[in-house]
Amino acid sequence: MARSSPVRKVVVAGALGAVSIVLILTPLGMIPWFAGASLTTMHVPAIIGAILEGPVVGAVVGGIFGVTALVRAATAPNGPVDAFFVNPLVSVLPRLLFPLVAWMVYRAFRGRLVALASAVSGIVATLAHSFLVLGALTLVGALPPATSVAVFAANAPFEAAVAAVLAVAVVSAWKGIEGRSGRSRLADEEGK
């Protein structure tokens, strides 16, 4: 796996961070689900960032997601649980940590089987994200443990499936573009 330039890392982190902000501030980040619940896709850019550019980029994108969630909870809460998302231990810390899981899982494949590695990384990182956020909500008293387990069981498998599909699509497309010339267009621009 070739090392990425610092410029490329900043560009990818910025682009995926912007996607995270759009997802959290619009209905695009929430897929309507049964009983008024929603499935989230807002964590997927952090997974993709970690896969494409490593743990630091993943954590930066996850941090952008977490800070945006905190600001949104403070300025435009949607429900009673949102009040707990003004706590950075609930809104920011889990979003800084779960991209590390995505990177470790993807890295375990060592560049082989990109689609499978992306899918497994998306699934495991999504489960870690759900576990960390629901665990934090339980620790601060926002949700009883039984409710957290029920929400995890109802939402996490479907969110993981969506993350797997999106991660495979984006990472495979990105790797395909890079593979044609051996370098991305950004790398070509940087060399000039």
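Quick note: structure is the one above.
One structure accompanies this document, and this report is about it.

**Digging into the overall build of the chain**
So, point 1. Within the chain, the regular secondary structure consists of 8 helices and 2 strands.
So, point 2. Tracing the chain from N to C terminus, the helices and strands come up as α-β-β-α-α-α-α-α-α-α.
So, point 3. Classification of the 192 residues of the chain by burial places 41% in the buried group.
So, point 4. Long-range pairs, those at least 24 residues apart, make up 67% of the contacts in the chain with a sequence separation of at least 6.

**Here's the deal with the environment of Leu28**
So, point 1. Summarising the element assignment, Leu28 is placed in the loop between helix 1 (6-25) and strand 1 (30-32).
So, point 2. Leu28 gets classed as exposed once you look at its relative accessible area, which sits at 59%.
So, point 3. Distance from Leu28 to Met42, taken between C-alpha atoms, is 8.5 Å for residues 14 residues apart in sequence.
So, point 4. If sequence neighbours within four positions are ignored, Leu28 has contacts with Val22, Leu23 and Thr41.

**Section: the packing of helix 2 (residues 44-53) against helix 3 (residues 55-75)**
Between two packed helices, both the angle of their axes relative to each other and the distance between the axes serve to describe the pair.
So, point 1. Axis separation between helix 2 and helix 3 bottoms out at 6 Å; the angle between their running directions is 165°. Regarding the angle of helix 2 to helix 3, the classification is roughly antiparallel. By crossing handedness, the relation of helix 2 to helix 3 is classed as right-handed. Facing helix 2, whose interface residues are Pro45, Ala46, Gly49, Ala50 and Glu53, helix 3 presents Pro55, Val57, Gly58, Val61 and Gly62.
So, point 2. Tallied by class, residues from the contact of helix 2 with helix 3 come to 6 nonpolar, 3 polar and 1 charged.

**Section: the nonpolar core**
So, point 1. Core analysis: the biggest nonpolar cluster contains 22 residues, and Ile47, Ile51, Val61 and Phe98 have the highest contact counts within it.
So, point 2. Listing elements by their share of this core, those giving two or more residues are helix 1, helix 2, helix 3, helix 5 (93-108), helix 6 (114-139) and helix 7 (145-181).
So, point 3. Broken down by element, this core gets its largest block of residues, 7 residues, from helix 2.
So, point 4. In this structure, Ile47 is in contact with Phe98, Ala102, Ser121, Gly122, Ala125, Thr126 and Ala163, ignoring residues within four places of it in sequence.
So, point 5. Counting residues in hydrophobic clusters, the runner-up holds 9 residues, among them Val133, Leu134, Ala136 and Leu143.

**Some points on helix 1**
So, point 1. With 20 residues, helix 1 extends 28 Å between its outermost C-alpha atoms, agreeing within 8% with the 28 Å of an ideal straight helix rising 1.5 Å per residue.
So, point 2. Among all positions in helix 1, only Arg8, Val12, Ala13, Leu16, Gly17, Ser20, Leu23 and Ile24 are buried. Down the axis of helix 1, the buried side of the element spans an arc of 155°, and every buried residue falls inside it. Summarising the geometry of helix 1, the exposed residues directed more than 90 degrees from the buried face are Val10 and Leu25.

**Here we look at the side chain of Glu53**
So, point 1. Assignment of secondary structure puts Glu53 in helix 2.
So, point 2. A polar contact of 2.5 Å, which involves the side chain of Glu53, links it to the side chain of Arg8.
So, point 3. When neighbours within four sequence positions are excluded, Glu53 is seen to be in contact with Ser4, Arg8, Lys9 and Val12.

What counts and what doesn't
- Residues numbered from 1 in each chain as written.
- Predicted model: local features only at pLDDT ≥ 70, side-chain atom pairs only at ≥ 80, totals over all residues.
- Heavy atoms only, no water.
- Helix = DSSP H or I, 4+ residues; strand = E, 2+ residues; numbered from the N terminus.
- Buried < 20%, exposed > 50% of the residue type's maximum accessible area, 1.4 Å probe, protein only.
- Contact = heavy atoms within 4.5 Å.
- Axes fitted to C-alpha atoms, helices over the stretch in contact; angles between N-to-C directions.
- Parallel < 35°, antiparallel > 145°, perpendicular 65-115°, else oblique.
- Left-handed = near helix turned anticlockwise from the far one by under 90°.
- Nonpolar A, V, L, I, M, F, W, Y, C, P; charged D, E, K, R; others polar.
- Core = buried A, V, L, I, M, F, W, Y, C linked by side-chain atoms within 4.5 Å.
- Expected span 1.5 Å × (residues − 1).
- Arc of directions from axis to C-beta.
- Polar contact = N/O pair within 3.5 Å; in protein donor to acceptor, adjacent residues only side chain to side chain.

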